[in-house]
Number of protein chains: 2
Amino acid sequence: MSSSESSSSPRMRSYLAAAARFRSGEDTPRAFLERCLEAYAAWEPKIGAFVHTSFETARAAADASTVRWRAGKPLSAIDGMPVGVKDIIETATMPTEMGSPLFEGWCSGWDAAAVTALRDAGAVIVGKTVTTEFAASEPRGTRNPWDVARTPGGSSSGSAAAVGAGLLSAGLGTQVIGSIVRPAGYCGCVGYKPSVGAINRGGSHDYLSQSSTGVLAATLDDAWQVAIEIAARVGGDPGYVGLVGPATPPAANKPRRLTVLETAGWSVASAEAKAALEAAVARLGASGVEIITRRSHAEVEAVEVAILESFAVSTKINDWEWRWPLNSFHERDASKLSRAMVDRLGRAEAMKVSDYRAALAERARVRGLYAALASLCDACITLTAPSAAPVGLATTGNPIFVVPGSLLGIPALALPLLQEQGLPLGLQVMGFSEADAELFATAAWVTQALVDQAPGGLDD
Amino acid sequence: MSSSESSSSPRMRSYLAAAARFRSGEDTPRAFLERCLEAYAAWEPKIGAFVHTSFETARAAADASTVRWRAGKPLSAIDGMPVGVKDIIETATMPTEMGSPLFEGWCSGWDAAAVTALRDAGAVIVGKTVTTEFAASEPRGTRNPWDVARTPGGSSSGSAAAVGAGLLSAGLGTQVIGSIVRPAGYCGCVGYKPSVGAINRGGSHDYLSQSSTGVLAATLDDAWQVAIEIAARVGGDPGYVGLVGPATPPAANKPRRLTVLETAGWSVASAEAKAALEAAVARLGASGVEIITRRSHAEVEAVEVAILESFAVSTKINDWEWRWPLNSFHERDASKLSRAMVDRLGRAEAMKVSDYRAALAERARVRGLYAALASLCDACITLTAPSAAPVGLATTGNPIFVVPGSLLGIPALALPLLQEQGLPLGLQVMGFSEADAELFATAAWVTQALVDQAPGGLDD
């Protein structure tokens, strides 16, 4: 394996694909983990995906998993899977620093809901992955494994980079603007932002009304399996039924119709990115899927117009909902907050409750328009970003293509099926609220239809 | 004051009533606090309302408040108000033990949203008040100041007992079954459970879908003022507009019609309790308010039938939503959980997602029936419990009259206007979702109409 790790091209590591050989002992969870740790040794110094690691605990957990697989009694399909936890999510035995010097060394002493579920399912927690400050915009130095001069995207920067380079099979992420789907697109892995409420966010410090905990993974199947194992153990957010669907990854299902959404991003996307999407759409059309657009359907045009202001509306909602705890952080030590966070608090405190109420009403209106598309098509497709990851680490890239999915509260997937400048760019597939399994089935078919355009490779 | 503190009858302590004399210097927040601390010295050994206190910090805060009032620049109408914080809600400088040995000495290091807001409004945090284990049913020894052989109710046991005996003007509480309105009724103080979502629950470990953070206070005005000052600073839960209303307590407003709700409690209420409610209803009727009941209106009968199973439906919902973190607590150290909590986890893990979905659907159905009453009446009235606080500390009393308000997600108030066995019993006034200010206006009128029946007294 070492030779492949020293090659320049990142290779992802599907756990489900490997697990077929665990029962026979031909491969083991421990050996799988060691391959991840070799990748860690080769890549981590270049990409900086982790804040904390826990290798000895991980090795012990992988050994225990190896015994269970050999006995034919794995705790779940992800028993032994090496996973990372975005550092906005609490872990009992590792600090949760939230990308902020205010929380240096802070440890709550308990596992968040998703982490509890992962451990109960036998998953191996390898470490905490880098998040931007409070899962917002301020980067924390992680680099893109496809080109270390570029951002991996954010805020789930570390999970995206680590999965993209095969240090992990999956990582937990969170998204309130574009924090799962965009970095997954930049790093060439699968990103799954569930419907709002689908995965229990208890113990995740990302408790805004449109945020979701989700998964970055080597494959669509790995992403589904992680999500459904979590939901089976800890459910969704209080008041939500939570993710419901098959106990194994949904089978590919050919859609009847797909809607191409331009979003506000189309006007700033690179010619190459647009051409890549158009070529994919043409292939899907050639496979017999009807494609509809803003030009063919007034209902689509209405959605395109409605989502133009997704970023502005989302930002208003998030600003208001961040008043606390930002005000308490500011009182504690303003010098440890980024300029962006101090500015956000200023905006938040200048808002009136009527501004927030208006933003919630606008969000509800846009959600209503989008929901009506469900009678017209099986899913929507678009890009995950205007181009491949931009050069530089000062920002995490433009969320313009992904923020509509966050505002809408719908499930959205980044599929590593396009390229731009020879680098990964995600195809985004957007579904309908609480129909996450149906989205996976459509995305599985889309992946099959387009798979030979994938930029990366799978190594296990 | 000492002489009154040594008397056997608890006396509550309204801050708003006292604050009129702060500008002139005739009275001061520091002197007010000292009266509370005298009451603490007299009562705390008998009632055990506090888990932690912070008197020196409180005195310094009261002195700073005194300076602001004298300068004519209080931070808010509750600047200097001595308040307690239910120990399920995080505080930066005191532990948050949640009534559980699992959290002995645990300190998150930050203030919950409501606590941040209280401090920003100038309120003086005197200490953490006793909660039952995880704000559920296991009592933690607090006694009722009206009769120390009796329970103060729960789960907001300490806030109710401390406010009822004048150790504080107000205390934060939380309610998911009956944890604010019931103990307030038993302890002779005002209890305010807001509409679901009205007060930001960030940092409160009571994050179930039908729980609310609310206020126990000496008077209706004190309760409103505390709640609106919190909402003005940190809003409601993410996704909710939060408590909206006047910056000062709503003026009394005579209702046109009130509905008397029997609830499932009527069949177990004492004859004296029923007679006390009926006498109050008769007085309200004599004041010109039209009274309607299940016998006069089919819509009321439909609600009476629908809320009969409030406890069972609420318990199913809460059990499911408690799977996490209970499963992680159980893994950490099952010996530190009460039998009731271990049993709850067993029930929770035996549930299927379809059970939870059915319970949510039933809750939505009941809420719809109740909401229809808004076109018929201004508010509903009933008891807060079947009798005065029962003798013994092994349970916190029967929540049968208050759980419908929790299931419904509506605002509900306990008013200290009735008696049973010579002890306090609350009159419960229930409003309509997100119409909390209207409920206060109705309740203020009801209080005026019935006030000479109040069991306790107010001191300054």
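Note that this is a predicted model, so its numbers are computed, not measured.

A few points about the overall build of chain A
Consideration 1: Scanning chain A from N- to C-terminus turns up 16 helices and 13 strands.
Consideration 2: For chain A, the C-alpha radius of gyration of 20 Å lies close to 23 Å, the compact-globule estimate for 460 residues.
Consideration 3: Here the C-alpha coordinates of chain A stretch approximately 60 × 55 × 40 Å along the principal axes.
Consideration 4: Per-residue burial for chain A yields a buried fraction of 63% across its 460 residues.
Consideration 5: At a minimum sequence separation of 6, the contacts of chain A that also span at least 24 residues come to 78%.

Observations regarding the interface of chain B and chain A
Consideration 1: Counting residues at the interface gives 30 residues for chain B and 30 residues for chain A.
Consideration 2: Those elements that provide at least two residues to the side of chain B that touches chain A are helix H5 (113–120), helix H11 (310–321), helix H12 (323–333) and helix H14 (353–371) of chain B.
Consideration 3: Ranked by residue count, the leading element in the side of chain B that touches chain A is H12(B), at 5 residues.
Consideration 4: Classifying every residue of the side of chain B that touches chain A gives 15 nonpolar, 11 polar and 4 charged.

What about the pairing of strand S12 (residues 423–430) of chain A?
Residue and element names in this part refer to chain A.
Consideration 1: Of all 8 residues in S12, 7 are buried, a share of seventy percent or more.
Consideration 2: Pairing of strand S10 (residues 379–383) with S12 involves 4 bridges; the strand directions are antiparallel. Along S12, the bridge assignment pairs Thr382 with Gln428.
Consideration 3: Pairing analysis gives 7 bridges linking strand S11 (residues 412–420) to S12, with the strands arranged antiparallel. Directly across from Leu415, in S12, lies its bridge partner Leu427.
Consideration 4: Joining the antiparallel neighbours S11 and S12 is a turn of 2 residues, in which Gln421 adopts a positive phi near 55 degrees.

A closer look at the relation of the copies chain B and chain A
Consideration 1: Of the transformation superimposing chain B on chain A, the axial component is 0.0 Å and the angular component is 180 degrees, with the fit at an RMSD of 0.0 Å. Put plainly, the chains are arranged around a two-fold axis. Relative to the rotation axis, the C-alpha of Ser108(B) is the closest in chain B, positioned 3.2 Å from it.
Consideration 2: The residues that chain B uses at the interface reappear at the interface of chain A in 100% of cases, marking a shared surface.

Describing the sheet that holds S10(A)
Residue and element names in this part refer to chain A.
Consideration 1: The strand order S2-S4-S3-S5-S7-S6-S11-S12-S10-S8-S9 describes an open sheet built from 11 strands, whose pairing is mixed. The sheet is open, and its two borders are formed by strand S2 (50–53) and strand S9 (290–292), each paired with just one other strand. On average, each strand axis in the sheet is tilted by 30 degrees relative to the strand beside it, whichever way the strands run.
Consideration 2: Looking at chain direction, strand S5 (residues 170–175) and strand S7 (residues 212–217) are connected through 6 bridges and run antiparallel. Bridge assignment links Ala170 to a residue of S7, and that residue is Ala217.
Consideration 3: In this fold helix H3 (residues 29–47) packs onto S2, strand S3 (82–86) and strand S4 (124–129), with an angle of close to 50 degrees to the strand it touches most, S3.
Consideration 4: Of the strands in this sheet, S10, S11 and S12 touch helix H16 (residues 436–450), which is tilted by about 15 degrees from S11.

Here we look at the sheet that holds strand S12 (residues 423–430) of chain B
Residue and element names in this part refer to chain B.
Consideration 1: What the 11 strands build is an open sheet, ordered S2-S4-S3-S5-S7-S6-S11-S12-S10-S8-S9; its pairing is mixed. The strands lining the two open edges of the sheet, one partner per strand, are strand S2 (50–53) and strand S9 (290–292). In this sheet, adjacent strand axes meet at a mean angle of 30 degrees when their direction is disregarded.
Consideration 2: The strands touched by H5 are strand S3 (82–86), strand S4 (124–129), strand S5 (170–175) and strand S7 (212–217); relative to S4, the strand with the most contacts, the crossing angle is about 150 degrees.

Some words on helix H14 (residues 353–371) of chain A
Residue and element names in this part refer to chain A.
Consideration 1: A rise of 1.5 Å per residue sets the reference length of H14, with its 19 residues, at 27 Å; its end C-alpha atoms lie 27 Å apart and thus fit the reference within 8%.
Consideration 2: Inspection of H14 places Tyr356, Ala359, Arg363, Val366 and Tyr370 among the buried residues, and these make up the whole buried set. Angularly, the buried residues of H14 cover 85 degrees about the axis, an arc narrow enough to put them on a single face. Across H14 from its buried face, at more than 90 degrees, point the exposed residues Ser354, Ala361, Ala364, Arg365 and Gly368.
Consideration 3: Considering only its buried residues, H14 is in contact with helix H10 (298–306), helix H11 (310–321) and helix H15 (403–408).

Comments concerning the environment of Gly99(B)
Residues and elements named next belong to chain B.
Consideration 1: As for its placement among the helices and strands, Gly99 is situated in the loop between S3 and H5.
Consideration 2: Measuring from C-alpha to C-alpha, the distance between Gly99 and Pro238 comes to 26 Å, with 139 residues separating the pair along the chain.
Consideration 3: With sequence-adjacent residues up to four places away left out, Gly99 is seen in contact with Asp87, Val130, Thr131, Thr132, Glu133, Phe134 and Arg140.

A few points about the environment of Lys316(B)
Consideration 1: Along the chain, the position of Lys316(B) falls in helix H11.
Consideration 2: C-alpha separation for the pair Lys316(B) and Ala358(B), spaced 42 residues apart in sequence, amounts to 9.6 Å.

Some words on the confidence of the model for chain A
Consideration 1: In the predicted model, chain A carries a mean pLDDT of 95, and 96% of its residues have values of at least 70.
Consideration 2: Under the prediction, the complex receives an ipTM of 0.94, its pTM being 0.96.

A closer look at unusual backbone geometry
Residues and elements named next belong to chain A.
Consideration 1: Going from Trp324 to Pro325, the amide bond is cis rather than trans, its omega being 10 degrees.
Consideration 2: Take Pro325: it is sitting in helix H12 (residues 323–333).
Consideration 3: In this model, Phe134 sits at a positive phi of 50 degrees, which is unusual for a non-glycine residue.
Consideration 4: Here Phe134 lies in the loop between S4 and helix H6 (157–164).
Consideration 5: Residue Gln421 is not a glycine yet carries a positive backbone phi of 55 degrees.
Consideration 6: In this structure, Gln421 sits in the loop between S11 and S12.

Some details on helix H5 (residues 113–120) of chain A
Consideration 1: Among the 8 residues that make up H5(A), 8 are buried, leaving the element largely enclosed by the rest of the structure.
Consideration 2: Of all the residues in H5(A), the buried ones are Ala113(A), Ala114(A), Val115(A), Thr116(A), Ala117(A), Leu118(A), Arg119(A) and Asp120(A).
Consideration 3: Buried positions along H5(A) lie against S3, S4, S5, S7 and helix H8 (220–234) of chain A together with H12 of chain B.
Consideration 4: With its phi angle positive at about 90 degrees, Gly122(A) sits one or two positions after the end of H5(A).

Focus on the packing of H5(B) against helix H8 (residues 220–234) of chain B
Residues and elements named next belong to chain B.
Consideration 1: It is at 8 Å that the axes of H5 and H8 come closest, and there the two elements cross at 105 degrees. By the criterion of interaxial angle, the relationship of H5 to H8 is roughly perpendicular. Contacts between H5 and H8 pair Ala113, Ala114, Thr116, Ala117, Leu118 and Asp120 from the former with Glu229, Ile230, Arg233 and Val234 from the latter.
Consideration 2: Partitioning the contact of H5 with H8 into residue classes produces 6 nonpolar, 1 polar and 3 charged.

Considering the environment of Glu434(B)
Consideration 1: Structurally, the position occupied by Glu434(B) is in the loop between S12 and helix H16 (436–450).
Consideration 2: Residues Glu434(B) and Ala198(B), spaced 236 residues apart in sequence, show a C-alpha to C-alpha distance of 7.4 Å.

Calculation notes
Residues numbered from 1 in each chain as written. Chains lettered and ligands numbered in written order. Predicted model: local features only at pLDDT ≥ 70, side-chain atom pairs only at ≥ 80, totals over all residues. Helix = DSSP H or I, 4+ residues; strand = E, 2+ residues; numbered from the N terminus. Rg over C-alpha atoms; globule rule 2.2 N^0.38 Å. Buried ≥ 20, exposed ≤ 12 C-beta atoms within 10 Å, placed from the backbone. Contact = placed C-beta atoms within 7 Å. Nonpolar A, V, L, I, M, F, W, Y, C, P; charged D, E, K, R; others polar. Pairing = 2+ DSSP bridges. Least-squares fit on C-alpha atoms with pLDDT ≥ 70 in both. Axes fitted to C-alpha atoms, helices over the stretch in contact; angles between N-to-C directions. Expected span 1.5 Å × (residues − 1). Arc of directions from axis to C-beta. pLDDT = per-residue confidence, 0-100. Parallel < 35°, antiparallel > 145°, perpendicular 65-115°, else oblique.

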